[in-house]
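# Breakdown of the fold
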Amino acid sequence: MLLEIEDIHVHYGKIEALKGVSLQVDEGEIVTLIGANGAGKSTTLKTISGLRPLTSGRITFDGKDISKVPGHKRVLLGIGQSPEGRGIFPGMTVEENLHMGAYARKGDLTKDMAEVYDLFPRLGERKKQAGGTMSGGEQQMLAIGRALMTKPKVLLLDEPSMGLAPMLIQQIFKIIEEINRRGTTVLVVEQNAQQALSLAHRAYVIETGKVVKSAPAAELLTDPEVRAAYLGGDLAVDEAANDTAVDTTPRNGQD
Amino acid sequence: MNLKQTLSARSGVSDRIRDWWAGAPMWTRWLVYLLLLLFVVFVLPTEGVASIMSPQTDWITTLWDPIGIYILLALGLNIVVGQAGLLDLGFVAFFAIGAYSVGVLGREGWPFWGTVVAALAIAAISGIVLGAPTLRLRGDYLAIVTLGFGEIIRIVARNTTYIGDSRGISDLPRPPSMFGLDFNDVLDASAFYYLIVAMIVLVIVISVRLNKSRVGRAWAAIREDEDAAELMGVPTFKFKLLAFFVGAMVGGLAGTGQMGGVQGYIQPENFPFILSATILVCVVFGGSGNIPGVILGAFIIAWLPERFRFLDDYRYMLFGAVLVIMMIVRPEGLLPSRQRKAEMQEGTGGMGSMGAEVATPTTAAPEVGGK
Ligand SMILES: Nc1ncnc2c1ncn2[C@@H]1O[C@H](COP(=O)(O)OP(=O)(O)OP(=O)(O)O)[C@@H](O)[C@H]1O
Ligand SMILES: [Mg+2]
């Protein structure tokens with residue numbers, strides 16, 4: 001196992017956001033974690049990348065217990081994350097943002113930069129534009145590109161489809177597939193369950209801080225409970241959505 | 001409206017100047033630096049300039065204190081607020097620590113330069129002492145804690161007999177004469193003026209070098225998005241502490257350059273909260289994060305009330321009005337950096353997000369409530 005999370009509990013003050021989450025990601029896989037708003041998806045990723053401390057439980061990466069390793073050192077071990085929403089540096093140009101991705105390592109970056117521009121030609125056209133003035137979709141690409149610049153063994157993506165038009169969602173998911181094909185393991189958090197389940201090899205479903213299901217992704221696509229809750233069934237799972245207004249619409253008919 | 005248009009037209013000019021500067025060759029830059037320095041040394045402190053800038057007070061004294069002192073303080077606070085994006089409302093504490101270190105050690109018989117070295121060390125250590133426990137807080141929480149620190153230092157000074165309680169310390173040590181400058185002449189402040197200019201140049205050089213280094217990039221990343229910075233492998237806590245350390249040292253340096261004014265004594269009431277606020281105004285008004293902007297801001301903020309002394313207390317009303325108008329028409333400051341402008345447009349303003357705690361895997365999450 002490349003990444004192994006065992007029974008982690010995470011708190012925000014007195015609120016317990018994760019109540020014993022366990023999951024595994026094997027080398028070369030695409031794994032997805034789906035769930036409603038506030039289920040604890042982002043918290044899980046932040047805990048893996050070291051932005052949130054563990055109350056209890058254990059995270060193992062590449063055979064090492066990293067539960068107590070600070071976030072900035074986990075990057076060097078090979079954990080790269082694209083944060084939720086606009087996690088880019090707004091005042092830095094596209095190029096400077098990508099360079100920040102390589103902050104912790106030395107050496108020539110031209111090849112890595114070229115690779116990112118190859119995956120996201122749009123970024124290549126806008127090297128000198130300030131990150132904050134890019135469109136939502138472009139910022140999402142920039143965040144993913146910047147995470148790739150850390151040369152991760154595992155890439156953690158927090159809702160890459162958030163706020164994107166249906167066309168662009170498909171494009172982003174194709175790119176994620178391509179990134180995986182080129183050898184990077186991917187753990188992707190999504191509310192867009194349809195797309196995520198079609199993309200991933202395996203999937204976990206998280207509800208109020210607990211993993212309630214785990215199975216091959218294709219199986220969950222046909223699972224009646226999952227269909228009802230996350231694939232446009234009758235359960236109003238996203239009524240609380242505030243920042244995800246755009247991606248709630250394409251969920252029903254998309255594929 | 002009109003005013004707004006004129007000012008944005010002017011901002012087009014400052015953009016062009018900045019672009020020209022960015023593309024200017026090395027020798028042009030050095031030439032500009034040299035001309036500026038010659039101007040500051042030979043033109044600024046002369047009678048002709050004085051009659052326009054300061055008909056009522058001694059111009060050279062004004063250039064030293066408050067103008068020079070404000071510029072030093074603003075450059076120091078700019079490292080903390082403008083570069084690292086940490087809102088510090090108690091910066092006056094380090095100014096006080098610098099001044100008191102000189103006063104107390106001088107009384108113990110230390111030579112002036114010895115007290116300066118010690119003062120810098122003591123101020124820098126205080127920066128660490130304040131930062132280590134509090135830099136896990138963010139935004140407004142950090143602001144409140146630093147504000148408290150500033151007040152604590154002043155109140156402790158007022159109640160400690162050893163450092164003169166509310167009477168303060170008199171007869172601060174003076175630098176020995178050097179380069180023909182006499183620091184004991186109460187009627188001529190030019191020696192102090194040149195000393196403060198030297199200190200300012202030193203701090204500018206250090207700031208610019210830091211800004212261009214990996215440290216500067218790390219600070220910019222922290223300012224713009226702290227979590228993202230950590231995800232890029234930036235040890236955010238260490239770099240925030242470093243900003244406090246360097247900022248505190250510059251604040252302490254300003255304290256040593258202050259030397260109790262012409263009279264040579266300091267009192268706790270020389271270090272009120274309002275001074276922290278005023279220095280923050282200098283930074284924001286001038287163009288947070290941009291060194292020329294910060295210097296210009298500090299110059300104007302220190303100079304205006306002196307220039308309009310004849311208006312008595314009405315000058316503060318005028319002063320306030322000028323600030324309010326400026327912040328409405330040019331919220332990014334007089335001379336913002338390009339990066340800063342982009343940040344402002346994005347809406348964060350780069351002064352730290354308003355979330356509560358910064359937790360890392362090695363720290364238990366402090367119980368400060370949620371977002
Ligand atoms: N900074 C915080 N302070 C307090 N509570 C928080 C904080 N961040 C998240 N929470 C709480 O933790 C729980 C899990 O939040 P999390 O952000 O992980 O949800 P999520 O699954 O990513 O949701 P979404 O799909 O809306 O992004 C929620 O109940 C949320 O209110
Ligand atoms: Mg989330």
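You'll find chain B entered in an unreviewed UniProt entry as Branched-chain amino acid ABC transporter permease, with Actinomadura rudentiformis given as the organism. Turning to chain B, the UniProt record has this under Subcellular location (unreviewed entry): "Cell membrane".

Going by an unreviewed UniProt entry, chain A carries the name ABC transporter ATP-binding protein and comes from Actinomadura rudentiformis. Here chain A is described in UniProt, under the heading Sequence similarities (unreviewed entry), as follows: "Belongs to the ABC transporter superfamily."

Residues and elements named next belong to chain A. The strand order across the open sheet built from four strands is β2-β1-β4-β5, with neighbouring strands paired in antiparallel fashion. Since the sheet does not close on itself, it has two edges, and those belong to β2 (15-25) and β5 (64-65), each with one partner. With five bridges joining them, strand β1 (residues 3-12) and strand β4 (residues 56-61) adopt antiparallel strand pairing. In the strand pairing of β4, E6 is matched with R58.

Once that is clear, we can look at the UniProt feature "transmembrane region" (unreviewed entry) in chain B. All names here are of chain B. Per the UniProt record, "transmembrane region" (unreviewed entry) is annotated on residues 20-43, 86-106, 112-132, 191-210, 241-261, 273-304 and 316-335. Between the C-alpha atoms that bound residues 112-132 the distance is 30 Å, and the span itself is 100% helix and 0% strand. Overall, residues 191-210 shows 100% helix and 0% strand. The separation of its end C-alpha atoms is 29 Å.

Further remarks concern the pairing of β1 of chain A. Residues and elements named next belong to chain A. Examined bridge by bridge, β1 and β2 share eight bridges and lie antiparallel to one another. Bridging from a neighbouring strand, L3 pairs with V25 of β2. Between β1 and β2, which pair antiparallel one after the other, the connecting turn spans two residues, and G13 there sits at a positive phi close to 60°.

All right, on to the environment of Q81 of chain A then. Structurally, Q81 of chain A is set in strand β6 (residues 79-82). Look at Q81 of chain A and you get buried, because its relative accessible area is 2%. Apart from the residues within four sequence positions on either side, Q81 of chain A is in contact with L45, K46, S49, A147 and L156 of chain A together with L231 of chain B. Here the side chain of Q81 of chain A touches S49 of chain A through a polar contact of 2.5 Å, side chain to side chain.

Residue and element names in this part refer to chain A. Here the magnesium ion (ligand 2) is held by S42 (OG) and E84 (OE), and the distances to it run 1.9 to 2.3 Å. Residue S42 is located in helix α1 (residues 41-49), and its partner E84 is located in the loop between β6 and α3 (94-101); the two are separated by 42 residues in the primary sequence. On the basis of relative accessible area, E84 is assigned to the partly exposed category, the value being 31%.

Moving on, we come to the side chain of Q140 of chain A. Residues and elements named next belong to chain A. Within the secondary structure layout, Q140 lies in helix α6 (residues 136-148). Judged by relative accessible area, which is 4%, Q140 ranks as buried. Q140 has contacts with S82, E159, P160, M162, L164 and I172, leaving out every residue within four places of it along the chain.

What follows deals with the site of ligand 1. All names here are of chain A. Neighbouring ligand 1 are 15 residues, the closest being N37, K41, S42, T43 and E84. Within the backbone of G38, an N or O atom sits 2.8 Å from an oxygen atom of ligand 1. Burial of ligand 1 by the protein chains amounts to 73% of its free accessible area of 630 Å². At three residues, the largest contribution of residues to the shell around ligand 1 is made by α1. Looking at the shell around ligand 1, its residues break down into four nonpolar, seven polar and four charged.

Moving on to unusual backbone geometry. Residue and element names in this part refer to chain B. For the bond from D65 to P66, the omega torsion is 20°, close enough to zero to count as cis. Within the element layout of this structure, P66 appears in helix α4 (residues 59-83). The residue D165 is not glycine, and still its phi comes out positive at about 25°. Assignment of secondary structure puts D165 in the loop between α7 (139-159) and α8 (190-212). Residues other than glycine seldom take positive phi values, yet D171 does so here, at roughly 55°. Here D171 is to be found in the loop between α7 and α8.

Residues and elements named next belong to chain B. Most of helix α9 (residues 214-224) is tucked away: nine of the 11 residues are buried. Those residues of α9 that sit buried are V215, G216, A218, W219, A220, A221, I222, R223 and E224. For α9, the N-terminal capping position is held by S213, with its side-chain oxygen 3.1 Å away from the main-chain nitrogen of V215.

We now examine α6 of chain A. Between its first and last C-alpha atoms α6 of chain A spans 19 Å; for 13 residues at 1.5 Å apiece the expected length is 18 Å, and the two agree. For α6 of chain A, the tally of buried residues reaches 12 of 13 residues, placing the bulk of the element in the interior.

All right, on to the interface of chain B and chain A then. Listed per partner, the contact involves 31 residues of chain B and 34 residues of chain A. In this assembly, chain B packs against chain A so that about 2800 Å² is buried in total across both faces, 60% of it on carbon and sulfur atoms. Summed over the shared surface of chain B and chain A, the result is zero salt bridges. Between chain B and chain A we count five residue pairs in polar contact (both at pLDDT 80 or more) in total. Of all the elements, α9 of chain B adds the most residues to the side of chain B that touches chain A, at seven residues. Along the lines of polarity and charge, the residues of the side of chain B that touches chain A split into 15 nonpolar, six polar and 10 charged.

Residue and element names in this part refer to chain A. Each assigned domain of chain A is listed with its residue range as follows: domain 1 (1-78 + 153-255) and domain 2 (89-151). With centres defined by C-alpha atoms, the gap from domain 1 to domain 2 works out at 23 Å. Around 1200 Å² of area is buried between domain 1 and domain 2 when both sides are counted, 73% of it from carbon and sulfur atoms. Interface area lost by domain 1 to domain 2 is led by I175, I179 and R182, which between them contribute 33%. Between domain 1 and domain 2 we count two salt bridges in total. Applying the counting rule to domain 1 against domain 2 returns one residue pair in polar contact (both at pLDDT 80 or more). Top element by residues in the side of domain 1 that touches domain 2 is helix α7 (residues 166-181). It accounts for five residues. Each residue belonging to the side of domain 1 that touches domain 2 can be placed in one class, and the counts come to 11 nonpolar, no polar and four charged.

Definitions and limits used
Residues numbered from 1 in each chain as written. Chains lettered and ligands numbered in written order. Predicted model: local features only at pLDDT ≥ 70, side-chain atom pairs only at ≥ 80, totals over all residues. Heavy atoms only, no water. UniProt positions renumbered as here; feature names shortened; annotations may be inferred. Pairing = 2+ DSSP bridges. Helix = DSSP H or I, 4+ residues; strand = E, 2+ residues; numbered from the N terminus. Buried < 20%, exposed > 50% of the residue type's maximum accessible area, 1.4 Å probe, protein only. Contact = heavy atoms within 4.5 Å. Polar contact = N/O pair within 3.5 Å; in protein donor to acceptor, adjacent residues only side chain to side chain. Donors = N, O, S within 2.8 Å, 3.2 Å for Na, K, Ca; no water. Near = heavy atom within 4 Å. Areas by Shrake-Rupley, 256 points an atom, 1.4 Å probe, with all protein chains shown as cover. Nonpolar A, V, L, I, M, F, W, Y, C, P; charged D, E, K, R; others polar. Expected span 1.5 Å × (residues − 1). Buried area = accessible area lost by both parts, 1.4 Å probe. Salt bridge = Lys/Arg side-chain N within 4 Å of Asp/Glu carboxyl O. Domains from an automatic or database assignment.

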